[in-house]
Every structure is written in C-alpha cells, then in structure tokens.
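Understanding the architecture of this molecule
Residues per chain are reported as follows:
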Amino acid sequence: MSAVVQADLPSLPGLLDRQALRPALAAAADAASASGHALALLTLDLDHFKDYQDRAGENAARQVLTQLALLLEQLKPPTARLAYLGADEFVLILPDCQLAQATALAERLRERIAEALARLDQQPPLTATLGVAATPPGRDWNAESLLALADTRMTFAKRRLPPHHNLVWAGALPSDWLGRLGLSAGSWPGL
C-alpha cells in the first residue's frame, strides 16, 4: 500500500502550506489579542481518503485534494485563510469569529464536501471530519494551543464519536484528552 499523497497541491492563490501556516496563525493571533476580538480555527481531515487513494491512485487522489481546496477557498469567509498541511489535512484561520459561528461554518462545509465528493461513488464515501476551536475570553491563550485544541477535537471525533466520520466537533473532551493539551476544563469555549 502506498502512503497518502504528500506532494504539494498545484499553486492555488491564497493557499498556505504547512510552513506558511505558523506565521499566518501567529499574525492572526497577535491581531486578535491586540483587538480583543475572537479567533477561531477549523481543522479538517478527509474520511476514508487512504482507501480511496489505494483504489483510485495518486493522480485521482491529488485531483480530489485540489477540488477540495478550491471548494474550501470558495466557501470560506473573505477574511479567512486556508492552509493545506499535506496528506488530506486542511486548516482554516477565522479572524473575528466566535465558537458558535465557526461551528456553523464547519457544519456547512461538512455538508458541501459530502455533496461534492458523493459524485465519486466511493464506498465508504469520502466525507470530512472537522474540529473547531475559538479563543477563550481574556488573553490567556496562544496560537499553538488554539491549533492543538482544534486538531484534538477533530481527532477525538474520528476516534471516539460514532460513526467516526462526517462529523463536526467543538464540544467537550474527556479530561484525559485535555491533559494532553495542558488545558483546564472551563478555560476555553466549549470545554
């Protein structure tokens, strides 16, 4: 079996790569902290993508990733930044966005992704699972914790919440999962 596609996607205007994500996220975090406005992140991982790639091949898998990047770019708010991390993972940086707004956006994205990828007639279907995090009130947060929380919520949904795909999670995590992040319950929206 082959590894999940790791090559860069074709050059898409505005699409950040893994290296560009860190400074863009740091700049968004600094701006949010200075203004007192919220900052939210969505992490996205395609469900069943490895199986699809093994059956359809790397070229088809790359086409799906490109289609997904274009769809996300089209559907994201104008102030948001989209990053492709490699494999089948994306991040959306959402300035001036509260947890409820980010969760509603994540649900719309999840639905549109499922619709767009249904044409592949893949079994199991290609869908997306998203993790959502937003800054807590006050200034006791940093960009890395925000990204880690969104990513952990996505991973938790895929591993622990049935049906383990096609989900959005912005809710509570078990205390043993919070310990991995160094966060205390009640300190962040949704915890």
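The following paragraphs examine the structure supplied in this document. (Residues numbered from 1 in each chain as written. Predicted model: local features only at pLDDT ≥ 70, side-chain atom pairs only at ≥ 80, totals over all residues. Heavy atoms only, no water.)

**Let's talk about the packing of helix H3 (residues 58–75) against helix H4 (residues 99–117)**
At a closest axis distance of 11 Å, the pairing of H3 and H4 adopts a crossing angle of 140°. Judged by the inter-axis angle, H3 sits oblique to H4. H4 is crossed by H3, and the crossing has right-handed handedness. Between H3 and H4, the contacting residues are Val 64, Gln 67, Leu 68, Leu 71, Leu 72 and Leu 75 on the first element and Leu 105, Leu 109, Arg 112, Ile 113, Ala 116 and Leu 117 on the second. Classifying every residue of the contact of H3 with H4 gives ten nonpolar, one polar and one charged. (Axes fitted to C-alpha atoms, helices over the stretch in contact; angles between N-to-C directions. Helix = DSSP H or I, 4+ residues; strand = E, 2+ residues; numbered from the N terminus. Parallel < 35°, antiparallel > 145°, perpendicular 65-115°, else oblique. Left-handed = near helix turned anticlockwise from the far one by under 90°. Contact = heavy atoms within 4.5 Å. Nonpolar A, V, L, I, M, F, W, Y, C, P; charged D, E, K, R; others polar.)

**A look at the packing of aromatic side chains**
Scanning all chains against the criterion turns up four aromatic pairs. Geometrically, the ring pair formed by Tyr 84 and Phe 90 is tilted, given 5.0 Å between the ring centres and 45° between the ring planes. The exposure classification of Tyr 84 matches that of Phe 90, with both residues buried. An aromatic cluster of at least three residues, connected via ring pairs, comprises Phe 156, Trp 169 and Trp 177. (Phe/Tyr/Trp six-rings, centres within 6.5 Å; stacked < 30°, edge-to-face > 60°. Buried < 20%, exposed > 50% of the residue type's maximum accessible area, 1.4 Å probe, protein only.)

**Considerations on the nonpolar core**
Across soluble globular proteins, you tend to see nonpolar side chains buried next to one another. Counting residues in hydrophobic clusters, the biggest one holds 37 residues, and the most contacted among them are Leu 42, Leu 46, Phe 90 and Ile 113. Elements represented by at least two residues in this core include exactly strand S1 (39–47), helix H2 (49–56), H3, strand S2 (81–86), strand S3 (89–95), H4 and strand S4 (127–134). The element best represented in this core is H3, accounting for eight residues. Leu 42 has contacts with Phe 90, Val 91, Leu 92, Leu 94, Ala 102, Leu 105, Ala 106, Leu 109, Leu 130, Gly 131 and Val 132, leaving out every residue within four places of it along the chain. Residues Ala 24, Leu 41, Ala 150 and Leu 178 belong to the second largest nonpolar core, which totals 27 residues. (Core = buried A, V, L, I, M, F, W, Y, C linked by side-chain atoms within 4.5 Å.)

**Focus on the environment of Leu 12**
Structurally, Leu 12 can be placed in the segment before helix H1 (18–35). With a relative accessible area of 16%, Leu 12 lands in the buried category. Between the C-alpha atoms of Leu 12 and Glu 73, which are 61 residues apart in sequence, the distance is 9.2 Å. Those residues in contact with Leu 12, other than ones at most four positions away along the chain, are Ala 69 and Leu 70.

**Section: the pattern of salt bridges**
Enumeration over the complete set of coordinates arrives at eight salt bridges. Between Asp 54 and Lys 50 there is a salt bridge, and its shortest N-O distance comes to 3.0 Å. With Asp 54 and Lys 50 both in helix H2, this residue pair falls four residues apart, about one helical turn. Classification of Lys 50 as partly exposed rests on a relative accessible area of 27%. (Salt bridge = Lys/Arg side-chain N within 4 Å of Asp/Glu carboxyl O.)

Coordinates in, geometry out; function isn't part of it.
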